[in-house]
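A look at the structure
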Amino acid sequence: MADPILTLADVHAGYDGVPVVFGVSLEVLPGELVAVVGANGAGKSTTLRTIAGLNNPLRGSIQFEGKDISRLRPHQTLALGISYVPEGRRLFPKLSVEENLRLGAYTEKSGAEIQRRLDEMMQLFPVLRERSRQTAETLSGGEQQMLAIARGLMSKPRLLMLDEMSLGLMPTLVERMMETVVAVNRSGVTVLLVEQMVQEALEIAHRGYVLQSGRIVQSGPAKELLDSEEIRKAYMGM
Ligand SMILES: Nc1ncnc2c1ncn2[C@@H]1O[C@H](COP(=O)(O)OP(=O)(O)OP(=O)(O)O)[C@@H](O)[C@H]1O
Ligand SMILES: [Mg+2]
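Before going into details, it helps to say that this report is about the structure given with it. (Residues numbered from 1 in each chain as written. Chains lettered and ligands numbered in written order. Predicted model: local features only at pLDDT ≥ 70, side-chain atom pairs only at ≥ 80, totals over all residues. Heavy atoms only, no water.)

**Examining helix α7 (residues 171-186)**
Compared with an ideal rise of 1.5 Å per residue, which puts 16 residues at 22 Å, α7 spans 23 Å between its outermost C-alpha atoms and is within 8% of the ideal. All of the buried residues in α7 are V174, M177, M178, T180, V181, V182, V184 and N185. The inward-facing, buried residues of α7 contact β3 (33-37), α4 (111-124), α6 (141-153), β7 (159-163), β8 (190-195) and α8 (198-204). Positive backbone phi, at 115 degrees, marks G188, one or two positions downstream of α7. (Helix = DSSP H or I, 4+ residues; strand = E, 2+ residues; numbered from the N terminus. Expected span 1.5 Å × (residues − 1). Buried < 20%, exposed > 50% of the residue type's maximum accessible area, 1.4 Å probe, protein only. Contact = heavy atoms within 4.5 Å.)

**Let's talk about the coordination of the magnesium ion (ligand 2)**
For a metal with four donors in a tetrahedral arrangement, the ideal angle between donors is 109.5 degrees, while six donors in an octahedron ideally sit at 90 or 180 degrees. Taken together, S45 (OG) and E87 (OE) make up the full set of protein donors to the magnesium ion (ligand 2), lying 2.0 to 2.1 Å away. You can see S45 sitting in helix α1 (residues 44-52) and its partner E87 sitting in the loop between β6 (82-85) and α3 (97-103), a full 42 residues away along the chain. Among the residues examined, E87 registers a relative accessible area of 31% and is labelled partly exposed. (Donors = N, O, S within 2.8 Å, 3.2 Å for Na, K, Ca; no water.)

**Some remarks on the site of ligand 1**
In the vicinity of ligand 1 there are 13 residues, among which N40, G41, K44, S45 and T46 approach most closely. Contacts to ligand 1 include N40, whose side-chain N or O atom sits 2.7 Å from an oxygen atom. The separation between an oxygen atom of ligand 1 and a polar main-chain atom of G41 is 2.8 Å. For ligand 1, whose accessible area on its own is 630 Å², the fraction buried by protein is 59%. (Near = heavy atom within 4 Å. Polar contact = N/O pair within 3.5 Å; in protein donor to acceptor, adjacent residues only side chain to side chain. Areas by Shrake-Rupley, 256 points an atom, 1.4 Å probe, with all protein chains shown as cover.)

**A short note on the sheet that holds β7**
Pairing within the open sheet is mixed, and its six strands lie in the order β6-β7-β8-β3-β9-β10. This sheet does not close on itself; its edge strands, each paired only once, are β6 and β10 (215-221). Pairwise comparison of adjacent strand axes, ignoring direction, gives a mean angle of 15 degrees for this sheet. Across five bridges, β3 lies against β8 in parallel orientation. For V36, the partnering residue across the bridge sits in β8 and is V194. Against the sheet, α7 touches β3, β7 and β8, its axis set at about 155 degrees to β8. (Pairing = 2+ DSSP bridges. Axes fitted to C-alpha atoms, helices over the stretch in contact; angles between N-to-C directions.)

**Re the side chain of T47**
With respect to the helices, strands and loops of the structure, T47 is situated in helix α1. T47 has contacts with L8, V21 and L211, leaving out every residue within four places of it along the chain.

**Considering the environment of G38**
Position of G38 relative to the elements: it lies in the loop between β3 and α1. On the basis of relative accessibility, which here comes to 0%, the residue G38 falls in the buried class. In this structure the C-alpha to C-alpha distance between G38 and V210, which are 172 residues apart in sequence, comes to 5.7 Å. In this structure G38 touches K44, E195, Q196, V198, L211 and Y235, once residues within four positions along its chain are discounted.

**Quick look at the sheet that holds strand β4 (residues 59-64)**
The four strands are arranged β2-β1-β4-β5 in an open sheet whose pairing can be described as antiparallel. Two strands in the sheet have a free side with no partner beyond their single neighbour: β2 (18-28) and β5 (67-68). Contacts from α1 reach β1 (6-15), β2 and β4, with the element oriented near 110 degrees to β1.

**A look at the pattern of salt bridges**
Any two side chains of opposite charge can pair, so long as their charged atoms come close to each other. Throughout the structure, instances matching the rule amount to 12 salt bridges. The salt bridge partner of R116 is E120, with a shortest N-O separation of 3.7 Å. In this pair, R116 and E120 both sit in helix α4, four residues apart, roughly one turn of the helix. E120 sits in the partly exposed class, given a relative accessible area of 33%. One salt-bridge network, in which partners are shared between bridges, spans E108, E113, R116, R117 and E120. (Salt bridge = Lys/Arg side-chain N within 4 Å of Asp/Glu carboxyl O.)

Now the structure itself:
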């Protein structure tokens, strides 16, 4: 088996020294699509923020491609190849689709390379090509979510972390969003996503972790988690 691209070992994390995540350990293998699922307040966003370097772990370690990244700042984890698409999209509303995309590649100096990535994104998300001159605030919710993912890809990450892509989307759009994530993963990008839409996320993931009150309570192949009586009762209303 290949070495993990990302390893969290006994990570405790929180805010102002108060932990809300207690001893999370998880792995992502190269090429995998891994889902961390759980209810509101379980600590999903805190976990991703801590990997990205927006929070520092209070205890434990985080390794990316064999390097300890536990104490790095966001611009440093980005430089190493980790892209974090936060909850709630955080687009620049008054800038155009294309300008938002360009900002995702701000660390790249070569204009030709940026153009190449823009073309790639417009191919992957044709709707963004049609709307490239439109300001981000005038896009529909689903289009904005596509733009957020595409912007996250503009840095050419080796690990893409997606926080709650389904938020505020109607069910058919959630399905399309999930298909998009699968397409991105198949294009060769390793993906770690967090979702409270447990079933939808596990249906596309290879493996999953269930986070409850800041602790991993179950993990394994996504298919097994989908079949778990406990998870079906707790998260799928069955
Ligand atoms: N900036 C903050 N300062 C203090 N506490 C916070 C902060 N952000 C989150 N928390 C707390 O940390 C806990 C975990 O929150 P987190 O946002 O990680 O959960 P989540 O699983 O992402 O939830 P959701 O599904 O609602 O996005 C919650 O109890 C929350 O109130
Ligand atoms: Mg969250």
